[in-house]
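Residue-level listing of the chains:
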Amino acid sequence: MTSTMTGPPATGTPGGPGGPGGNRPHLHTPTPRPPASAAPWSSSLLAPVTAGAATLCASTSLTGVVSGWSWLGYLFVAIVLVACTGLALRSVRAPTIVVGLAQLVVLAFLITGSFTTSGILKIIPGPAAFSELRDVLAASADQIGTGLAPVDGTPPILCLVTIAIGLVAVLVDTLAVAASAPAATGLVLLCVYAVPASLSDTMLPWWTFVLGAASFAALLAVDGNHRHRRWRNRDAPGLGGSPSSASTPAAVVSIALVLGLITGVAATGVGTVGSLPGGGGPGTGSGGGGFGVEPFTQLRGLLDQGAAVELFKVRGLGDEKHLLRAFTLDTYLPNKGWVIGNNGRMPPGVAANRPLPPAPGDTGAAPSRPIQIQPTNWVDNWLPVYGDPRELQNVADNWLYDKGTGAVFTTSRQSAPPYTELASLNEPTKDELRAAVPKDDATTQQYTAPEQVDKRVVAKAQQITENKTNNFDKATALWQFFTAQNGFTYDTQTAPATDSDALADFILNGKRGFCEQFASAMAVMLRAVGIPSRVAIGFTPGTPQGDYQTISSKDAHAWVEVYFGDSGWVSFDPTPLSDGRGFIPSYLRQDGSPSANGSTSGDNKPSNPTSSAAPTGAPLKPQPNLAGGTAVTSADSTWQIWAGGLLALLALLVTVIAYFAYKRLRAFQAAVMHKGSSSAPDNGSPRGVPPAPVGGPLINPQVTNWLPLVAAGLWTAAIVFLAAWLSWWFAFVLLILVGGIGAPAMIRDFNRRRRLQVITSHTPGAADAAWHELMDECADRGLPIPPSDTVRVAGQKLVQRHHLDEEGRNGLRAVIGVVEKSWYGNAGDEDPTLAPAFDELRQSLRRNAPMSWRGRLFPRSLLQRLRK
């Protein structure tokens, strides 16, 4: 059988009146209107992408209330997971309520894996994980209640921010995609800006407003273009089809964005304490900065206080060394650390600028030492003092003193002018402490309150003190326990966890950490044997500098204070320091000499071989505009971040190359198509047809076809590695989900690109590959064509049901012509117009019959082949 057909006519359908050799004119037949669901908004990839981008850009306003950038990584992962979950479930037509619940479940997995240690399989929340999460959120509330924006990006703050923005992402995704009402997300995104704007005392960065406005404009523009395209498909008079009309919504939104920014330059904006850049006005200066100390200790963690920053200059101590106390912690939280009791609330206190009530143990017999303390970069609601303070000079009325905790404090963080402390620095003798009679008073009851301590820790404390007859000897025995001879090592990172109880793990197994762990452990063991104790937070004696002692952020420290009744609170520092900053009081030295450093020998506490100038380890919290303590990640887990980042950069590079290579290939194929279908002489181009571009494709067409698949694999690997940084279980589950959901799509895409490679290389079988790929494209769109249909009948169904435009019909005509010549005319497959014609046909299908995400993730052509 032979045929002279060259393909379907431009104005008819295959096999219709304008069939083979048909040159008769045809009446105009309006193009059938595509169904409303041909390109549903909810199945568009742009919808969740722009919604997620709008949420992420709006969240950049948190730079005004949270320091650092670690929170942005958590938010990016949360938003991507929410968007991908919604996209996957909507592709299988899941109900909106199911999609929303699934997004919340995925968000809960992320929160559990990132901020708790007791999740089922690391990521599934259970009762223990919820209890731990409650404690984390309580800690974030305490930090917010006592903090000054921007607060440090601690794990509790990161957890709170991730939960809040994750919920915003779910709401924005539901409104913008499921409800097809992206304009309604404006109120939600505005609330994201309102919170940091109301909390920050300084100007929010101008660029966060630009990012938020631009991303919201893009969301509206994408929605506007989608609705505009649907309207243009209607047979309505007066609606042009010019290409420029498609950009009308984007142009309107862009003009509105520009006008809004111009107005913002001239007018004061909410939360900017002035106008945008260029507008001048007040509030453009930067706020003051400084350091404070966090009111808690941790049993596990990594210490990194950054570069040393001077905090105080102290005069009046001479060569003596004393610890500078900021506040004390009285409550131990099992498996957490020490905190201020009563939910972090301090007692009422008395005015600190008046004569102070005597501290426990201060009889007034010892002389008062005047000590001049000059804060340099100190900003906090604590005013550090030495010994037993008796009077404070040059302090404001809002500073209060509580003799029970020994702390001077105020209700808000602030800098303080130089002040003078009149203090008793008297140290009791060994004999006085041994003879001290334990008191059953309110202080003893408060500081020996029973805690939930691991039985192994209690047994160890009792074993160490079993042969001691008084509280001083018991406390000294416990103090001497934390030495190198017993395996303890000072380090800026705790040992890897090997036990579910962090305290028992440190005392019995790891034995490595910094001052927070040593002080926490000794104080708990003291209480375990009935001795009143607490943890003090402050600074080591510092370093001599001319006529004063300089105390820096590296001197932040934690130690133990023990209550001896009439002798008051006495300091014990169990942290083994050897860099000259340690402090051993006279009552703990063998010879009874006053104030010496930590490098001692004999029966005193042995020193520990550590590097000099190592940070001591109290939990510093930096305030804005100063380098200081930042949240860091363990070196054992940073390789996942580096690997994920490198893979992401490589994926981005391949994506960009694939994009430009595909555009160049398209232009080259279009030129070949026009040249092959034109009868004009070779020395010119026909009217209305662009000339062929100079040169060929940017990359070999066979390589270009595979670049998108390579990029997709690299993006997947990058996401898995970044997920592994949070939890290996989470990465494993994510890999299983991606593999299970994406495997059919990847197999289908592999077969597609293998056929496209045959088509573009003009090898034998190109016509067969083109026809089989076209039939699979139809099947994936819900229009399977029986193998019994002829080429022309199949083409007629394709034109009618997929509403091909003029370019699509031209491509279909050329493809059918090549296929018929190959099948029935014994012609070869070397026709150079096949590849560009087939590409035009595929592009027309994408424009007029876009494939649903269900068809992309679960291609029917592959399922039909598996059934066979």
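Residues numbered from 1 in each chain as written. Predicted model: local features only at pLDDT ≥ 70, side-chain atom pairs only at ≥ 80, totals over all residues. Heavy atoms only, no water.

Chemist: What is the right way to look at the overall build of the protein in this model?
Modeler: When helices and strands are tallied, the protein shows 23 helices and 21 strands. In the protein, which comprises 868 residues, the proportion classed as buried is 46%. In the protein, the share of contacts with a sequence separation of at least 24, taken over all contacts with a separation of at least 6, comes to 74%. (Helix = DSSP H or I, 4+ residues; strand = E, 2+ residues; numbered from the N terminus. Buried < 20%, exposed > 50% of the residue type's maximum accessible area, 1.4 Å probe, protein only. Contact = heavy atoms within 4.5 Å.)

Chemist: What is the right way to read the nonpolar core from this model?
Modeler: Side chains that are nonpolar tend, in soluble globular proteins, to be buried together. Phe312, Tyr386, Phe482, Met525 and Phe572 are the most contacted members of the largest nonpolar core, which has 74 residues in total. No other element matches the nine residues that helix α14 (residues 515–528) contributes to this core. Those residues in contact with phenylalanine 312, other than ones at most four positions away along the chain, are Leu324, Ile373, Gln374, Pro375, Thr376, Trp378, Pro384, Phe539, Gln549, Thr550 and Ile551. Grouped together as the second largest cluster of nonpolar side chains are 36 residues, Leu62, Phe115, Val136 and Ile157 included. (Core = buried A, V, L, I, M, F, W, Y, C linked by side-chain atoms within 4.5 Å.)

Chemist: So what exactly am I meant to see when it comes to the environment of aspartate 152 here?
Modeler: Of note, aspartate 152 is situated in the loop between α4 (127–146) and α5 (155–178). Note on aspartate 152: relative accessible area 12%, which makes it buried. In this structure the C-alpha to C-alpha distance between aspartate 152 and serine 67, which are 85 residues apart in sequence, comes to 5.3 Å.

Chemist: What is the right way to read the pairing of strand β7 (residues 369–375) from this model?
Modeler: Successive side chains on a regular strand alternate, one facing one side of the sheet and the next facing the other. In terms of strand pairing, strand β2 (residues 310–315) meets β7 through four bridges, oriented antiparallel. Across the sheet, valine 314 pairs through a bridge with isoleucine 373, a residue of β7. Relative to strand β13 (residues 419–424), β7 runs antiparallel, the two sharing five bridges. When the sheet's bridge partners are listed, isoleucine 373 is paired in β13 with tyrosine 419. (Pairing = 2+ DSSP bridges.)

Chemist: Mind showing me how you'd approach helix α18 (residues 766–780) here?
Modeler: Here α18 contains 15 residues, and its C-alpha end-to-end distance of 21 Å stays within 8% of the 21 Å for a straight helix at 1.5 Å per residue. Counting buried positions along α18 gives 13 out of 15 residues, so the element sits mostly inside the fold. Just past α18, the residue glycine 782 takes up positive phi, approximately 85 degrees. (Expected span 1.5 Å × (residues − 1).)

Chemist: Sorry, what's going on with the sheet that holds strand β8 (residues 379–382) here?
Modeler: Sheet strands line up and pair through hydrogen bonds in the backbone, either parallel or antiparallel. With antiparallel pairing, the four strands of this open sheet are ordered in space as β6-β11-β12-β8. Of all strands in the sheet, those with a lone pairing partner are β6 (350–351) and β8, marking the two edges. For strand β11 (residues 400–402) and strand β12 (residues 407–415), the ladder comprises three bridges, and the chain directions are antiparallel. Across the sheet, residue aspartate 402 finds its bridge partner in β12, namely alanine 407.

Chemist: How do you make sense of the confidence of the model for the protein when you look at a structure like this?
Modeler: On average, residues of the protein score 74 in pLDDT, and 71% of them reach the 70 mark or higher. This model gives residues 1–39 a pLDDT under 50, and the stretch forms 50 contacts once residues within four places in sequence are excluded. (pLDDT = per-residue confidence, 0-100.)

Chemist: What should I look at first to understand the environment of leucine 56 in this one?
Modeler: Note on placement: leucine 56 falls in helix α1 (residues 46–59). Separated by 110 residues in sequence, leucine 56 and glycine 166 place their C-alpha atoms 9.9 Å apart. Dropping the residues within four chain positions of it, leucine 56 is found in contact with Leu72, Leu75, Phe76 and Ile79.

Chemist: What exactly am I supposed to notice about α1 here?
Modeler: For the α-helix, the turn length of 3.6 residues means that residues three or four positions removed from each other point alike. Helix length check: α1, at 14 residues, gives a terminal C-alpha distance of 20 Å against a target of 20 Å (1.5 Å per residue), a fit within 8%. For α1, a buried count of ten out of 14 residues is recorded, marking the element as mostly surrounded by other parts of the structure. Where α1 is concerned, the buried positions are Ala47, Pro48, Thr50, Ala51, Gly52, Ala54, Thr55, Cys57, Ala58 and Ser59.

Chemist: I keep staring at unusual backbone geometry and nothing clicks. Help me out?
Modeler: As a rule of thumb, non-glycine residues mostly have phi less than zero, and peptide bonds are mostly trans rather than cis. Of note in this structure, asparagine 394 is not a glycine but carries a positive phi near 65 degrees. With respect to the helices and strands, asparagine 394 occurs in the loop between β10 (388–393) and β11. The phi dihedral of histidine 803 falls on the positive side, at around 55 degrees, and the residue is not glycine. Relative to the assigned elements, histidine 803 resides in the loop between α19 (791–802) and α20 (806–824).

Chemist: Help me out: how do you make sense of the pattern of salt bridges in this one?
Modeler: Once their charged atoms are close, side chains differing in charge can pair, the charge on each being opposite to the other. Counted under the stated rule, the structure contains 24 salt bridges. Of the charged contacts, one joins glutamate 777 and arginine 842 as a salt bridge, the two residues approaching to 3.8 Å between their closest N and O atoms. In this pair, glutamate 777 is assigned in helix α18 and arginine 842 in helix α21 (residues 834–848), connecting sequence segments 65 residues apart. Assessed through its relative accessible area of 9%, arginine 842 is described here as buried. Arginine 847 is paired through a salt bridge with aspartate 805; the nearest N and O atoms lie 2.9 Å apart. Separated by 42 residues along the polypeptide, arginine 847 in helix α21 and aspartate 805 in the loop between α19 and α20 bring together distant segments of the chain. The class of aspartate 805 is partly exposed, set by a relative accessible area of 22%. Residues participating in the shared-partner salt-bridge network are Arg748, Arg752, Arg755, Glu773, Asp776, Glu777, Asp780, Arg781 and Arg842. (Salt bridge = Lys/Arg side-chain N within 4 Å of Asp/Glu carboxyl O.)

Chemist: Help me understand the packing of aromatic side chains, please; the structure alone is not making it clear to me.
Modeler: All told, the structure shown has 24 aromatic pairs when counted by the stated rule. Taking the centre distance of 6.4 Å and the plane angle of 55 degrees together, the rings of phenylalanine 472 and phenylalanine 572 count as tilted. Taken together, the residues phenylalanine 472 in helix α12 (residues 471–481) and phenylalanine 572 in strand β20 (residues 569–572) connect sequence positions 100 residues apart. The pair formed by phenylalanine 472 and phenylalanine 572 is uniform in burial state, with each residue classed as buried. Connected via pairs of aromatic rings, a cluster forms that spans Phe481, Phe482, Phe488, Phe506 and Phe518. A cation over an aromatic ring shows up here: arginine 534 above the ring of tyrosine 447, its NZ or CZ 5.8 Å from the ring centre. Across the ring face of tryptophan 569, the terminal group of arginine 534 is positioned such that the distance to the ring centre comes to 3.8 Å. (Phe/Tyr/Trp six-rings, centres within 6.5 Å; stacked < 30°, edge-to-face > 60°. Lys NZ or Arg CZ within 6 Å of the ring centre and 35° of its normal.)

Chemist: Before we go on, may I ask you to explain the sheet that holds strand β9 (residues 385–386) in this structure?
Modeler: Read across the open sheet, the five strands follow the order β9-β3-β16-β19-β20; overall the sheet is antiparallel. Edge positions in the sheet fall to β9 and β20, since each has one partner strand and no second. For strand β3 (residues 324–329) and strand β16 (residues 533–539), the ladder comprises five bridges, and the chain directions are antiparallel. By the bridge assignment, leucine 329 is partnered in β16 with valine 535. Along the sheet, α14 makes contact with β16, β19 (556–563) and β20, crossing β19 at roughly 10 degrees. (Axes fitted to C-alpha atoms, helices over the stretch in contact; angles between N-to-C directions.)

Chemist: Teacher, can you tell me more about the packing of helix α2 (residues 70–91) against helix α3 (residues 96–115) here?
Modeler: A packed helix pair is summarised by two numbers, namely the angle formed by the two axes and the spacing between the axes. It is at 9 Å that the axes of α2 and α3 come closest, and there the two elements cross at 150 degrees. In terms of their interaxial angle, α2 and α3 are classed as roughly antiparallel. Handedness of the crossing formed by α2 with α3: right-handed. Within the contact between the two elements, α2 uses Tyr74, Val77, Ala78, Leu81, Val82, Thr85, Gly86, Leu89 and Arg90 and α3 uses Val98, Val99, Ala102, Gln103, Val106, Leu107, Leu110, Ser114 and Phe115. Of the residues in the contact of α2 with α3, the class split is 13 nonpolar, four polar and one charged. (Parallel < 35°, antiparallel > 145°, perpendicular 65-115°, else oblique. Left-handed = near helix turned anticlockwise from the far one by under 90°. Nonpolar A, V, L, I, M, F, W, Y, C, P; charged D, E, K, R; others polar.)

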